[in-house]
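Examining the three-dimensional arrangement
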Amino acid sequence: MALRMFLAVVLGLVLSCTGALAASIPCYINEDTVIYSYPGDSSQALSVPSGLPCEMTAVHGDWAMVTRSGANAFIPLKYLTLAQPIDARAVEAAAMYACASADSQKLGTIPAGTPVCVVGRDGAFFRVCDASGGIEGYVAATSLAPESAAAAEDSGASTAESRDSGGEMSNAEKIDCVLAAAEALYGRPYAEASQPPDSFNSAGFVAFCFAQVDVALPLTAHGQGFDGDYAVVTGAANLQRGDIVCFDTDSSDENPSDHTGIYLGDGYFVHASSSAGQVVVSSLSSGYYKSAFSWGRRILE
């Protein structure tokens with residue numbers, strides 16, 4: 001749990017694992033690039049300069065939603081640098097590389113216990129610098145832990161143990177972890193016959209994510225739309241993070257729930273899409289899915 005919490009914090013999140021943020025995180029664009037209207041380089045793009053400040057408000061896989069002057073856009077996380085670095089330290093001797101790849105130039109080795117500051121993420125690597133802000137490079141995420149978690153381990157209590165001693169996860173924490181599980185699967189292939197965690201159909205994807213917090217859901221979109229005592233959410237405007245969203249995507253049958261996903265907030269949801277051929281983030285505020293939306297189900301209050 002300590003690593004998962006750290007992964008979330010470095011992504012700009014303030015809870016243990018989440019998609020939409022409880023608070024925006026100041027950051028800036030670290031090189032000339034483009035931003036997009038939704039997660040995916042096939043969407044509408046706008047050029048932006050290096051150094052441009054913005055607020056990170058949500059994370060979807062390797063993409064961040066950023067806000068500037070009240071407008072939202074998406075950008076790959078690797079182009080963002082946190083304005084306020086996260087304090088961390090190496091939990092083991094860790095190689096530092098010039099780029100986010102073990103095949104790039106090795107800059108040196110960070111001894112176990114060495115404090116570092118995390119300023120960004122690129123895939124499975126964190127961009128780090130030393131306490132003085134120098135020696136910037138990339139370190140595998142699995143080699144680092146947040147300073148607070150490392151201190152807890154030194155005192156003999158890990159983050160997970162602390163949580164266990166304090167009781168079960170709250171529903172809010174469960175929602176955060178469901179969304180973290182969903183976003184970690186971004187880009188996994190679609191398959192009509194779901195084979196988790198390697199491939200998913202829409203219902204299999206939703207069920208797999210909720211299973212991470214011990215919530216058992218039907219393995220069909222129809223079952224997720226109709227079965228159980230979960231509250232029905234009518235109207236997309238009433239959805240909350242973590243709700244199941246149900247769609248009528250097949251006009252040839254009478255089933256108004258033949259495709260499902262998980263609502264991320266801010267008008268977006270994550271799902272295993274047959275048309276995209278993979279797990280993607282799509283808009284619920286406009287386009288096809290706005291018109292196909294049937295209702296939501298609130299699994300965790």
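These numbers were taken from a predicted model, which means no experiment stands behind them.

**What to know about the overall build of the protein**
- Of regular secondary structure, the protein possesses seven helices and 20 strands.
- Counting only residues that meet the buried cut, the protein has 50% of its 301 residues in that class.
- Partitioning the intrachain contacts of the protein with sequence separation of at least 6 by distance along the chain shows that 55% fall at a separation of at least 24.

**Some points on the sheet that holds strand E20 (residues 293–298)**
- Read across the open sheet, the six strands follow the order E15-E20-E16-E17-E18-E19; overall the sheet is antiparallel. Among the strands making up the open sheet, the edge pair consists of strand E15 (231–233) and strand E19 (278–283). Adjacent strand axes in the sheet meet at a mean angle of 35° when their direction is disregarded.
- Pairing geometry for E15 and E20, over three bridges, is antiparallel. Looking at the pairing, Val233 lines up with Gly296 of E20.
- Against the sheet, helix H4 (residues 171–184) touches strand E17 (259–265), strand E18 (268–273) and E19, its axis set at about 115° to E17.
- Contacting strand E16 (244–247), E17, E18 and E19, helix H5 (residues 202–211) crosses the sheet at an angle of about 50° to E17.

**Let's talk about unusual backbone geometry**
- Residue Pro196 is joined to Pro197 through a cis peptide bond whose omega torsion reads 0°.
- One can find Pro197 in the loop between H4 and H5.
- Positive phi is not limited to glycine here, since Asp214 has a value of about 65°.
- For Asp214, the location among the structural elements is in the loop between H5 and helix H6 (221–226).
- One non-glycine residue, Asp266, adopts positive backbone phi at about 60°.
- Checked against the element boundaries, Asp266 lands in the loop between E17 and E18.

**Some remarks on the nonpolar core**
- Core analysis: the biggest nonpolar cluster contains 31 residues, and Phe205, Phe210, Leu217, Ile262 and Val270 have the highest contact counts within it.
- Breaking this core down by element, the ones donating at least two residues are strand E5 (63–68), H4, H5, E16, E17, E18 and E19.
- Contact partners of Val270, with chain neighbours within four places excluded, come to Ala182, Phe205, Gly261, Ile262, Leu264, Val279, Val280 and Val281.
- Core analysis: the next-biggest nonpolar cluster, separate from the first, contains 29 residues, Cys54, Met56, Ala64 and Ala94 among them.

**Re the side chain of Thr33**
- Among the secondary structure elements, Thr33 is positioned in strand E2 (residues 33–36).
- Excluding anything up to four places from it in sequence, Thr33 contacts Leu46, Ser47, Val48, Ile75 and Tyr79.

**A closer look at the pattern of salt bridges**
- Tallying each qualifying case throughout the model produces three salt bridges.
- The salt bridge involving Arg241 is made with Asp176; its shortest N-O contact spans 3.1 Å. Of this pair, Arg241 sits in the loop between E15 and E16 while Asp176 is found in helix H4, placing the two residues 65 residues apart along the sequence.

**Overview of the environment of Asn238**
- Inspection of the secondary structure puts Asn238 in the loop between E15 and E16.
- By relative accessible area, which is 48% here, Asn238 ends up partly exposed.
- Remark: the alpha-carbon pair of Asn238 and Trp295, spanning 57 residues in sequence, is separated by 9.8 Å.
- In contact with Asn238, not counting residues within four places along its chain, are Val233, Asp243 and Arg298.

Parameters at a glance
Residues numbered from 1 in each chain as written. Predicted model: local features only at pLDDT ≥ 70, side-chain atom pairs only at ≥ 80, totals over all residues. Heavy atoms only, no water. Helix = DSSP H or I, 4+ residues; strand = E, 2+ residues; numbered from the N terminus. Buried < 20%, exposed > 50% of the residue type's maximum accessible area, 1.4 Å probe, protein only. Contact = heavy atoms within 4.5 Å. Pairing = 2+ DSSP bridges. Axes fitted to C-alpha atoms, helices over the stretch in contact; angles between N-to-C directions. Core = buried A, V, L, I, M, F, W, Y, C linked by side-chain atoms within 4.5 Å. Salt bridge = Lys/Arg side-chain N within 4 Å of Asp/Glu carboxyl O.

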